[in-house]
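Structural overview for review
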Number of protein chains: 2
Amino acid sequence: MVIEGVSPAVDEGRFPAKRVAGDTVLVEADVFADGHDVLSAVVLHRHQSESTAAERRMTPLVNDRWRAELRVEQLGFYFFTVEAWVDHFLTWHRDLQKREKSDYAVQLQIGLEMIRAATSRAKGRDRKRLAHFVEVLEGDDELEDKVHDVKSDELLDLMWRYSDRTHATRLDCEYAIEVDRPKAAFSAWYELFPRSFGTLRDVEAQLPGIANMGFDVLYLPPIHPIGKTFRKGRNNVMTAGPNDVGSPWAIGSDEGGHTSIHPKLGTLEDFRRLIEAAKGNGLEIAIDIAFQSSPDHPYVSKHDEWFLKRPDGTIQYAENPPKKYQDIYPFHFESEAWRDLWNELRDVFLFWVKQGVRIFRVDNPHTKPLLFWQWVIGELKRDHPDLIFLSEAFTRPKIMYWLAKAGFTQSYTYFAWRNTKYELTAYFSEITKPPVSDFFRPNAWPNTPDILTEYLQYGGRPAFVVRLILAATLCSNYGIYGPAFERMMHEGREPGSEEYRDSEKYEVKQWPPAEDDLSALISSVNRVRRENPALQQNAMLKFHTTSNDEILCYSKAAGDNVIVAVVNVDPHNTQSAWLDLDLTALQVDSNRPFQVHELLTGARYTWHGGRNYVQLNPHVVPAHIFRIRRKVRSERDFEYFL
Amino acid sequence: MVIEGVSPAVDEGRFPAKRVAGDTVLVEADVFADGHDVLSAVVLHRHQSESTAAERRMTPLVNDRWRAELRVEQLGFYFFTVEAWVDHFLTWHRDLQKREKSDYAVQLQIGLEMIRAATSRAKGRDRKRLAHFVEVLEGDDELEDKVHDVKSDELLDLMWRYSDRTHATRLDCEYAIEVDRPKAAFSAWYELFPRSFGTLRDVEAQLPGIANMGFDVLYLPPIHPIGKTFRKGRNNVMTAGPNDVGSPWAIGSDEGGHTSIHPKLGTLEDFRRLIEAAKGNGLEIAIDIAFQSSPDHPYVSKHDEWFLKRPDGTIQYAENPPKKYQDIYPFHFESEAWRDLWNELRDVFLFWVKQGVRIFRVDNPHTKPLLFWQWVIGELKRDHPDLIFLSEAFTRPKIMYWLAKAGFTQSYTYFAWRNTKYELTAYFSEITKPPVSDFFRPNAWPNTPDILTEYLQYGGRPAFVVRLILAATLCSNYGIYGPAFERMMHEGREPGSEEYRDSEKYEVKQWPPAEDDLSALISSVNRVRRENPALQQNAMLKFHTTSNDEILCYSKAAGDNVIVAVVNVDPHNTQSAWLDLDLTALQVDSNRPFQVHELLTGARYTWHGGRNYVQLNPHVVPAHIFRIRRKVRSERDFEYFL
């Protein structure tokens, strides 16, 4: 008996697969044995809170692949394994109907023995019903009648439930599924620097506007006291002027460290108030966790054993020779005192959890030990399975993936640098399908305070519209560095730089309301996302053929909700194309006209077949988001087409 | 430190990867860690006969993939694992050259400490040389001079060899590579029924002809006594006439069983003589192992506990309801007496090994327990690593693959039923690339005594030529059921049947020399295979685009030996096509004309670029086998292009 190729299984089960509460998990395995006997297989599954496993029968698909569906409702870990056996009764039953009459006598004898044995394993009513079949077979009826009697579905069902599993094979490991809350899979993030709006109390005034635009996570860069030694000036110059406020990521001063609030922003109480006010607006506050210290951080004086020393006794600052970042001391995670350090850093998270934070954006996790993240996220989620961790790693792909395997709930992506049709198709095909999608949940950002791409710098308003729509429709999790994005800030620090000129990272900005900004479009796009379940997941993303390399067309479907997006990725020129929609994959009857509804403009069209012409002037409307009206047979049927 | 994605690794290392003696194995792994430090990695490897592992340094390719090359020379198992570490010295060394002069003093101090530590780990001359570098750094030279001195390649090499591996990460498992003799990867099989030629002594007379055609394995169906009870007649009819000889697969009678020779074929001594005579002709004898008994087999009376009983006490015959095969009793591998049975069956192999057999064709292994094969092949190869086992399973793909993983050296394939360009391209792309090619070695047969395909029945001589050339050039292992193939026997038993009419399985045939048979072509094709290393492996198989769905074009390359085959798979009509040879993949300079040499006809052509026209009349020549003249930079460079 061979059971292999289990899915979902990340790296053969070394890491949990990720799902959210309410998901139906398709558990599959290759199940086969020598010979031609009928097999039976079950998935044994339990939530971490249960000590005994429940069973669900698997059914064969094609090519020795078997499947069962599990619905996961509770947060935390589910565990499953697979058991299978050669089912002698089902084999006998299948063959009996094909046999010659001369074989009936001996064959009914074989069957009778199996039913008798099952009867002794059964209890209660089942036992009585099985005993009834024993009586029938022991009786004086004609052999043909008995063969007819054992055709019974009831008997098949009973015999399956009391199948002889003495020689069953069970996998010797359990596979894990980690279930997060739904926001892990569907969220819209808005980032702002609180100090540009005054204090945390002043930020409260921004909440209704952000909520009205349709966001559900408000992410704040570090809100802690900022170091003074080697403080960077505006535009990241080496020496700060007396009025320069410093970078929020140079954490720690005589005013406190990772569990303190910058005095100019307010108090812990103000912070808790902000969390409550956000809740009232349907928003959650996410904060930044950046594990590094300024030279002025209390850790430096109290725990210099947590930092690496150079031979001259000074603490090693961050560097990428010849560049020096003397305003930043990295922690020395492998120091002799690593246990104390690791515990302290876990306690930083716990401190903010106690204040009511449930979402953390983690700064540069790839420069800290991978094992630290695996440990600390495991520790934290054990008691708080509703926590969400976003990994801010823009490093080599395997490390980004490993961080996700180690426990990060969501991950930043290369989206910002994927601009062409080819790049977007290849990248999103990779990250939205297994094996990657089983552990890596992308969160697509068109901009961040660190990233103002060339595309946005030189593409004008159309570039911002295109990148917003791509992020929000390709990826169920997305976010923007909001004030700058809404106002289409596009000036780089110098040619070739992806830094903003006069970056908000090093100074306080003013963000007065702007005429003709993108807020109305953003509101529309977020409304479309909320109203269409198809856009709340990535698994059903499919790219369709178009006749123009500047025009991207893709669909997402969930049940009978089908969205087709068509985007002109050229922000400068009008482009037109013939679309070749794969109507079979979309389960649309190609012999009948169907209605499409453009969701941003409200326009309605009737299309005939999969071949349709589109023309997109980026200065008018660079993209369409269509909903297709059609009924599917069932969500499950649908999936086979993708 | 993460080490994952090791290759070659079959099912994450659960099964050995297969190679042959003389192969260079590319061992690869993803190796990465947090941060930007320089890493070092080694492969630790040993043959099963060695207790300590040797090391080979790995080098990074791209995207965190690392590689080392291992040459495997001995038969049996090699084991390897991977160890990697953050290399602080190499990191320091890389950064030193980029630093500002103001950092030299403290940095040289850091380096000096590492060199001192390495000196204490080193011995002999290495220690002296390292001590020399310590002296230099301790001396009074200018800092710039010292920075220049440590650029030394000698120092880098020494420091690598005595690197601080205290915190190295080593995978906690060993991966296995099973090394067979070269014939496992490159062989040409010829099958004949000895009784049609008289006795085993008479078969000796056939050896020179078979050897002259270029075969190196002569495979004989079972040569044991044949049962009489329920013996099948000619064309597999249920009742045999008095002169019917029976099927060789109904093994066993009062004359003996699996370790006896059919008296009409001769004696054991004759068999050993045949083996020697074959050797003299450069041929090896392969015999069939079919684990089943006729009702007359001595096992049935002596060991009825090895068979399954029905409730009426009779032994269960083979069946596929409503079909009954009452001339065949399967063994009951799960009986109470399974240990004795398994040992007995192993001893059957050992008996023939003692007679000098080194190649076994195993009949229907998929109807016996998979674990039995894993056990018995392991037992046999432990003392006889030169054994070759060919799996005759034409069942579901996953079971065929599992048998290969369990230890079968070669496997029959679906080749016989893959006739179109699409089918051949898809199937051979699957079975000649990892993961499949790491454990599954295909052996392609255009026909067998059980398989006379429709293509051969109705395609005339061109069909035989096409299928021969495809088998012999797509697949480094191939074979034919010879007398019938040479003479292009093509009459099926009845319409829709793949059985031969008047099949040799049930009667003695005469095979007089035939005018105009295929033996001359077969000799040519086998000569081409022997003369061209490209055809002695499958790893470098590549399909090229052609403009006609009836014309298949593919190449194989080994070093500077490049073969391109062009085949018209339509046996009825002349077909023509434009070929689009991927000259980059073939490392042929597309700017210069190049010579191609047709190896069957000796014709020579000069081609210009990758686009070339071919026309193939199946009644004249349905296929070309070209050798391309070109020099490659090196075999290793070449592989990146595929």
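Residue positions are given per chain, counting from 1 as you read along its sequence in written order. Chains and ligands are labelled sequentially in the order written, the chains with letters from A and the ligands with numbers from 1. The predicted nature of this model means local features are confined to residues of pLDDT at least 70 and side-chain atom pairs, given and counted, to a pLDDT of 80 or more, with totals for whole chains, interfaces and linings taken over all residues. Note that the side-chain values use all heavy atoms of the structure and ignore hydrogens as well as water.

1. Brief notes about the overall build of chain A
- Scanning chain A for helices and strands turns up 18 helices and 30 strands.
- Each principal axis of the C-alpha distribution contributes one length, and for chain A these read about 105 × 65 × 45 Å.
- We call two residues in contact when some of their heavy atoms are within 4.5 Å. In chain A, the share of contacts with a sequence separation of at least 24, taken over all contacts with a separation of at least 6, comes to 76%.
- Accessible surface is estimated by sampling points in the Shrake-Rupley manner with a 1.4 Å probe; for residues, cover comes only from the protein chains shown. Counting every atom, chain A has about 26,600 Å² of accessible surface; 49% of that belongs to carbon and sulfur.
- Charge convention: Lys and Arg are scored as positive, Asp and Glu as negative, and His as well as the terminal groups of each chain are ignored. Lysine's charge is taken at NZ, arginine's at CZ, aspartate's at CG and glutamate's at CD. Within chain A, one finds 78 positive and 92 negative side-chain charges whose respective centroids are separated by 2 Å. Secondary structure elements are taken from DSSP: a helix is a run of H or I of four residues or more, a strand is a run of E of two residues or more, and numbering for both begins at the N terminus.

2. Considering the relation of the copies chain A and chain B
- A least-squares fit on C-alpha atoms brings the copies together, and the residues used are those whose pLDDT is at least 70 in both copies. Superposing chain A onto chain B takes a rotation of 180 degrees plus a shift of 0.0 Å along the axis, which leaves an RMSD of 0.1 Å. This pairing of chains is accounted for by a two-fold axis. Residues of chain A ranked by C-alpha distance from the rotation axis are headed by A:Glu12, positioned 4.0 Å from it.
- The fraction of interface residues of chain A whose copies in chain B are also interface residues reaches 100%, indicating that both copies meet through the same surface.

3. What about the pairing of strand β2 (residues 17-20) of chain A?
Residue and element names in this part refer to chain A.
- Neither face of β2 is open: one carries Ala17 and Arg19, the other Lys18 and Val20, and all of them are buried.
- DSSP-based pairing: two strands are paired if at least 2 bridges between them are found. Across 4 bridges, the pairing between β2 and strand β10 (residues 175-180) is parallel. Counted as the bridge partner of lysine 18 is glutamate 178 from β10. Burial classes follow relative accessibility: with a 1.4 Å probe on protein chains only, a residue under 20% of its type's maximum area counts as buried, one over 50% as exposed, and anything between as partly exposed.

4. Observations regarding the interface of chain A and chain B
- At the junction of the two partners, chain A supplies 44 residues and chain B supplies 44 residues.
- In short, buried area is how much 1.4 Å probe accessible area vanishes from two parts on joining, totalled over both. Of the roughly 3,800 Å² buried between chain A and chain B, counting both surfaces, carbon and sulfur atoms make up 50%.
- What makes a salt bridge here is a side-chain nitrogen of Lys or Arg within 4 Å of a carboxyl oxygen of Asp or Glu, nothing more. Counting across the chain A and chain B interface gives 12 salt bridges.
- The residue A:Asp103 makes a salt bridge to B:Lys324 at a minimum N-O spacing of 3.1 Å.

5. Observations concerning the packing of aromatic side chains
- Think of it this way: a Phe, Tyr or Trp ring, Trp meaning its six-membered ring, pairs with another when their centres are within 6.5 Å, and the plane angle makes it stacked under 30 degrees, edge-to-face over 60, tilted otherwise. Per the stated rule, a full pass over the model turns up 93 aromatic pairs over all chains.
- On the numbers, 6.2 Å between centres and 40 degrees between planes, the contact of A:Phe215 with A:Tyr478 is tilted. With a gap of 263 residues between them, A:Phe215 in the loop between α7 (207-212) and β12 (217-220) and A:Tyr478 in strand β22 (residues 477-481) connect regions that are remote in the sequence. Side by side, A:Phe215 and A:Tyr478 carry an identical accessibility label, which is buried.
- Seen in terms of ring centroids, B:Trp189 and B:Trp445 are 6.3 Å apart; in terms of plane orientation they differ by 70 degrees. Their pairing is edge-to-face. With a gap of 256 residues between them, B:Trp189 in strand β11 (residues 187-191) and B:Trp445 in the loop between β21 (442-444) and α14 (454-458) connect regions that are remote in the sequence.

6. Focus: the domain arrangement of chain A
Residue and element names in this part refer to chain A.
- Where each domain begins and ends follows an automated or database-derived domain assignment. Here the domain parsing of chain A yields domain 1 (1-87 + 165-181), domain 2 (88-162), domain 3 (188-292 + 342-531) and domain 4 (536-641).
- Just the C-alpha atoms count here: the centres of domain 3 and domain 4 sit 31 Å apart.
- Facing 29 residues of domain 3, the contacting portion of domain 4 comprises 28 residues.
- The junction of domain 3 with domain 4 conceals about 2,300 Å² of combined surface from both sides, 64% of it contributed by carbon and sulfur atoms.
- For the domain 3 face of the interface with domain 4, the top three residues by lost area are Lys421, Pro462 and Thr473, together amounting to 25%.
- The tally of links between domain 3 and domain 4 comes to 0 salt bridges.
- Identification of polar contacts relies on pairs of N or O atoms within 3.5 Å, with a donor-acceptor requirement for protein atoms, meaning one able to donate a hydrogen and the other able to accept it, and with residues adjacent in sequence counted only if both atoms are side-chain atoms. In this assembly, domain 3 and domain 4 are joined by 13 residue pairs in polar contact (both at pLDDT 80 or more).
- Residue assignment for the side of domain 3 that touches domain 4 shows that the elements contributing at least two residues are α13 (421-431), α14 (454-458), α15 (460-474) and α17 (519-531).

7. A few points about the sheet that holds strand β18 (residues 359-363) of chain B
Residues and elements named next belong to chain B.
- The 8 strands lie next to each other as β11-β12-β13-β18-β19-β20-β21-β22, forming a closed barrel whose pairing is parallel. Direction aside, neighbouring strands of the sheet carry axes that sit 30 degrees apart on average.
- Here an angle of 0 to 180 degrees is reported between the N-to-C directions of two axes, which are lines fitted to C-alpha atoms, with helices fitted over the stretch in contact. Taken strand by strand, helix α8 (residues 268-280) contacts β12 (217-220) and β13 (284-289), and its axis lies near 135 degrees from that of β13.

8. Some points on the confidence of the model for chain A
All names here are of chain A.
- Here chain A averages 95 in pLDDT, and 98% of its residues register 70 or above.
- pLDDT is defined as a per-residue confidence score from the predictor, taking values between 0 and 100. Per-residue pLDDT stays below 50 along residues 632-642; that stretch engages in 25 contacts with residues further than four places along the chain or on separate chains.
- Here the prediction assigns the complex a pTM of 0.91, and the interface score ipTM is 0.87.

9. A short note on the packing of α15(A) against α17(A)
All names here are of chain A.
- Contact geometry for α15 and α17: axes closest at 10 Å, N-to-C directions at 15 degrees. Viewed along their axes, α15 and α17 adopt a mutual orientation that is roughly parallel. Once α15 is placed against α17, the crossing between them reads as right-handed. Contacts from Val465, Leu468, Ile469 and Ala472 in α15 reach Leu521, Ile522, Val525 and Arg529 in α17. Convention used here: angles under 35 degrees read as roughly parallel, angles over 145 as roughly antiparallel, angles from 65 to 115 as roughly perpendicular, and any remaining angle as oblique. Two helices that cross are described as forming a left-handed crossing if the nearer one is turned anticlockwise from the farther one by less than a right angle, and a right-handed crossing if clockwise.

10. Some words on unusual backbone geometry
Residues and elements named next belong to chain A.
- Note that the residue after proline 321, namely proline 322, is joined by a cis bond; omega there is 5 degrees.
- Following the sequence through the fold, proline 322 ends up in the loop between β15 (318-320) and β16 (323-325).
- Not every positive phi belongs to a glycine, and asparagine 364 is a case in point at roughly 45 degrees.
- Inspection of the secondary structure puts asparagine 364 in the loop between β18 (359-363) and α11 (370-383).

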